[in-house]
Amino acid sequence: MVSEGKSLTGISRTAFIVGIIIAIIASSLISTLVAMQWAVVQGPKGDKGDTGAQGPQGEQGIQGIQGIQGIQGPPGTVAADVSALINVAFSSVWLGDDKHEVSGFIVNFGRDPAYDVKIDFTWNLGGGIYVYKTINVGTMYGHVIGEISVTYYFEGQGTYSYEITWT
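Owing to the predicted nature of the structure, the values given are computational and were not obtained by experimental measurement. (Residues numbered from 1 in each chain as written. Predicted model: local features only at pLDDT ≥ 70, side-chain atom pairs only at ≥ 80, totals over all residues. Heavy atoms only, no water.)

*Asks:* Is there a simple way to think about the overall build of the chain in this case?
*Replies:* In terms of helices and strands, the chain carries one helix and six strands. Along the chain direction, N to C, the helices and strands of the chain fall in the order α-β-β-β-β-β-β. Taking all 167 residues of the chain together, the buried fraction comes to 17%. Long-range contacts, defined here as pairs at least 24 residues apart, represent 66% of the contacts in the chain between residues at least 6 apart. When the accessible surface of the chain is totalled, it reaches about 13,800 Å², and 58% of it is carbon and sulfur. (Helix = DSSP H or I, 4+ residues; strand = E, 2+ residues; numbered from the N terminus. Buried < 20%, exposed > 50% of the residue type's maximum accessible area, 1.4 Å probe, protein only. Contact = heavy atoms within 4.5 Å. Areas by Shrake-Rupley, 256 points an atom, 1.4 Å probe, with all protein chains shown as cover.)

Right, here's the structure in full:
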């Protein structure tokens, strides 16, 4: 004898599972029938026809009249404008002066030459101690890039700043 448990609603577990399976199968069949009927309602797709020949090219338009050339202005000058990209590498020396390697590039962005170009460095070593060094670049003609590579030896590491001057 097989016993079936009844739920609170009075339906056995087996009857419930069989009902769900029947509902899934019925849903699948109905979905398939609707999809097939929809294709019948729409009807067959027709073939695409020929697109036809392309029409002839139109005539080219009339070219406009060229404007009058303006008068030439005086030769331009662009004042010297010197800037630099500088890096300082510090190497500590135990029994001697520390090494400060200055490297980078200096550029005159202007068209006019910059005369007597100098880069004045100031190292602030703290405690009121400053070290001053100058790189004399000389004349930088317009649109020129120069390389900077100088090594200084002095005791201490600090922050540095620089100023570029020219006439």
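There's more to say after this.
*Asks:* Please clarify how the pairing of strand β3 (residues 114-126) should be interpreted in this entry.
*Replies:* When a strand is regular, its side chains alternate between the sheet's two faces. Bridge count for β3 against strand β4 (residues 129-140) is ten bridges, and the pairing is antiparallel. Residue pairing for β4: Trp123 is matched across the bridge by Val131. Linking β3 to β4, which pair antiparallel, is a turn of two residues; within it Gly127 sits at a positive phi near 65°. Here β3 pairs with strand β6 (residues 159-165) via seven bridges, running antiparallel. Counterpart to Phe121 in the pairing with β6 is Tyr162. (Pairing = 2+ DSSP bridges.)

Purely geometric numbers; function is a separate question.
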